[in-house]
Amino acid sequence: EPVPEGRLLRTLLLDAALRRDLHTLRRLLHGYAAWLMGQAGPDGTLGDAAALATVDTVLVDEERYTLLDPSWRATVPVAAEVVLARGLRRFATTLVTGGYAHPWTSTLDVAGLTVVLAGVAGHDLDRATVAAAVDIEAAVTAAVRGLGTEGRAVLLSELRSVEPTDPPAGPRSYQQLREAWLRQREELKRVTALLKWTEDLLTSRERALRR
């Protein structure tokens, strides 16, 4: 079918995050969440193509949101909040593993940043909902890649253990690996400085106790 008009939501969100434009981020995330919830049934679930909608598969044309490719459909309904959590978590993973600048604290992990993004979108999600979204992400990715039960279990373990110092998922370029190495080096410096500060504090208190 013809490709719908608009720009990819992920691109718009990244642009706004790099500019630290909270107003645009709030508008886009509110719109994405409202678009998803507006398609939910009376029981609060989403089915068919809407259940698989993420920031990577949604186009935005002014205030109109639409799926880029509605041919992928869920075989069972998914809770609308879990669908929202999955979409936001994918964006959070892109931010932290890609080393992109954004308006929020750098100490947040992927799940924590997902919860913050949900708050910006006007929804109160908890880490349990984010964990359920990880399960859906593993199921969808396994289906796309044609993985079996064992491969899906390995993938689920990898998704659950994503750290900010990890390189982005998918094919790795030299630049991505170098950026991941730089982030790991900065994290090591931070931990080393914290350890030294703690040792200095303990030493000073031991001296005070001896006095």
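Residues numbered from 1 in each chain as written. Predicted model: local features only at pLDDT ≥ 70, side-chain atom pairs only at ≥ 80, totals over all residues. Heavy atoms only, no water.

Trainee: I keep staring at the overall build of the protein and nothing clicks. Help me out?
Mentor: Along the backbone of the protein there are seven helices and five strands. Along the chain direction, N to C, the helices and strands of the protein fall in the order β-α-α-β-β-β-β-α-α-α-α-α. Across its three principal directions, the C-alpha atoms of the protein cover 75 × 45 × 40 Å. Here the protein holds 211 residues, and 37% of them are scored as buried. A total of about 12400 Å² of accessible surface is found on the protein, and carbon and sulfur atoms cover 55% of it. The average position of the 26 basic charges and that of the 27 acidic charges among the side chains of the protein differ by 9 Å. (Helix = DSSP H or I, 4+ residues; strand = E, 2+ residues; numbered from the N terminus. Buried < 20%, exposed > 50% of the residue type's maximum accessible area, 1.4 Å probe, protein only. Areas by Shrake-Rupley, 256 points an atom, 1.4 Å probe, with all protein chains shown as cover. Lys, Arg positive; Asp, Glu negative; His and termini not counted. Charge placed at Lys NZ, Arg CZ, Asp CG, Glu CD.)

Trainee: For this particular structure, what's the right way to read the sheet that holds strand E3 (residues 58–61)?
Mentor: Backbone-to-backbone hydrogen bonds join strands into a sheet, with any given pair of strands oriented parallel or antiparallel. Ordered in space as E1-E3-E4, the three strands form an open sheet in which the pairing is antiparallel. The sheet terminates laterally at strand E1 (7–8) and strand E4 (64–67), the two strands that pair on one side only. Sheet contacts for helix H2 (residues 22–38): E3 and E4; angle to E4, the most-contacted strand, approximately 60 degrees. (Pairing = 2+ DSSP bridges. Contact = heavy atoms within 4.5 Å. Axes fitted to C-alpha atoms, helices over the stretch in contact; angles between N-to-C directions.)

Trainee: Just checking my understanding: could you explain the nonpolar core for this structure?
Mentor: Taken as a class, soluble globular proteins show a tendency for nonpolar side chains to be buried jointly. Leu9 and Tyr32 are the most contacted members of the largest nonpolar core, which has 47 residues in total. Only helix H1 (9–18), H2, E3, E4, strand E5 (74–79), helix H3 (80–98), helix H4 (110–120) and helix H5 (127–145) provide two or more residues apiece to this core. At 10 residues, H3 tops the list of elements feeding residues into this core. The residues touching Tyr32, leaving out its near neighbours within four places in the chain, are Leu9, Ala53, Thr54, Val55, Val58, Tyr65, Val83, Leu84, Gly87 and Leu88. Residues Ala138, Leu155, Leu156 and Leu159 belong to the second largest nonpolar core, which totals five residues. (Core = buried A, V, L, I, M, F, W, Y, C linked by side-chain atoms within 4.5 Å.)

Trainee: I keep staring at H2 and nothing clicks. Help me out?
Mentor: Every α-helix carries 3.6 residues per turn, so stepping three or four residues along brings you back to the same face. Taking 1.5 Å as the rise per residue, H2 with 17 residues should run 24 Å; its terminal C-alpha atoms sit 24 Å apart, in good agreement. For H2, the full list of buried residues reads Thr24, Leu25, Leu28, Leu29, Gly31, Tyr32, Ala33, Trp35 and Leu36. (Expected span 1.5 Å × (residues − 1).)

Trainee: Looking at this model, I keep getting lost on the side chain of Thr93. Mind explaining?
Mentor: Note that Thr93 resides in helix H3. What makes Thr93 buried here is its relative accessible area of 14%. Beyond its immediate stretch of four places on either side in the chain, Thr93 contacts Gly98, Val110 and Val162.

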